[in-house]
Amino acid sequence: MSEAIYNRISMLRAERGISRRDLADALGVHYQTVGYLERGEYNPSLHLALRIARYFEVPVEVVFSTEPFPRIGSTERVVA
């Protein structure tokens, strides 16, 4: 049984106006792979996760988490 990996790929793509196909081309994967990742139907390899974070120029923790991300606009705060 595989543990869920949550991600913000869809949000990051939307913020930057990047299509699934453009992201897939940049990463060297099939565009359906991006869809599977966004829906949580596929967990990326560590190598792919790091490449995605590098593509968006953010730390990998900004893109992926083992815990669900708080909803945008929620009053929940992340305490470091």
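None of the values given here were measured: they were computed from a predicted structure.

**Q** Help me understand the overall build of the protein chain, please; the structure alone is not making it clear to me.
**A** Looking only at helices and strands, the protein chain features five helices and two strands. Its helices and strands taken in sequence order, the protein chain reads β-α-α-α-α-α-β from the N to the C terminus. Taking all 80 residues of the protein chain together, the buried fraction comes to 29%. For the protein chain, the proportion of contacts with a sequence separation of at least 24, taken over those separated by at least 6, is 54%. Total accessible area computed for the protein chain in this model is approximately 5,900 Å², and 51% of it derives from carbon and sulfur atoms.

**Q** Sorry, what's going on with the packing of aromatic side chains here?
**A** Centre-to-centre distance and the angle between the planes together describe a pair of aromatic rings. According to the stated counting rule, one finds one aromatic pair in the structure shown. Between tyrosine 55 and phenylalanine 56 the ring centres are 5.2 Å apart and the planes differ by 85 degrees, which places this aromatic pair in the edge-to-face class. Judged by its relative accessible area of 31%, tyrosine 55 falls in the partly exposed class. We classify phenylalanine 56 as buried; its relative accessible area is 2%. If you follow arginine 21 out to its NZ or CZ, it ends over the ring of tyrosine 31, 4.2 Å from the centre.

**Q** When you look at helix H4 (residues 46–56) in this model, what are you seeing that I'm missing?
**A** The α-helix winds at 3.6 residues per turn, so residues separated by three or four positions along the chain end up facing the same way. Of the residues making up H4, those classed as buried are Leu48, Ala49, Ile52, Ala53 and Phe56. Buried residues along H4 cover an arc of 135 degrees about the axis, so they all sit on one side. Looking at H4, the residues exposed on the side facing more than 90 degrees away from the buried face are Leu46, His47 and Arg54. On the buried face of H4, the contacting elements are helix H1 (9–16), helix H2 (20–27), helix H3 (31–38), helix H5 (60–63) and strand S2 (64–65).

**Q** Any chance you could explain the packing of H2 against H3 here in plain terms?
**A** The geometry of a pair of packed helices is captured by two quantities: the angle between their axes and the separation between those axes. Interaxial distance between H2 and H3 falls to 8 Å at its minimum, and their mutual angle equals 110 degrees. One element, H2, and the other, H3, form an angle in the roughly perpendicular class. Counted together, Arg20, Arg21, Leu23 and Ala24 of H2 and Tyr31, Val34, Gly35 and Glu38 of H3 form the full contact between these two elements. The class makeup of the residues in the contact of H2 with H3 is four nonpolar, one polar and three charged.

Rules behind the numbers
Residues numbered from 1 in each chain as written. Predicted model: local features only at pLDDT ≥ 70, side-chain atom pairs only at ≥ 80, totals over all residues. Heavy atoms only, no water. Helix = DSSP H or I, 4+ residues; strand = E, 2+ residues; numbered from the N terminus. Buried < 20%, exposed > 50% of the residue type's maximum accessible area, 1.4 Å probe, protein only. Contact = heavy atoms within 4.5 Å. Areas by Shrake-Rupley, 256 points an atom, 1.4 Å probe, with all protein chains shown as cover. Phe/Tyr/Trp six-rings, centres within 6.5 Å; stacked < 30°, edge-to-face > 60°. Lys NZ or Arg CZ within 6 Å of the ring centre and 35° of its normal. Arc of directions from axis to C-beta. Axes fitted to C-alpha atoms, helices over the stretch in contact; angles between N-to-C directions. Parallel < 35°, antiparallel > 145°, perpendicular 65-115°, else oblique. Nonpolar A, V, L, I, M, F, W, Y, C, P; charged D, E, K, R; others polar.

All quantities given are derived from atomic positions and should not be read as evidence of function.
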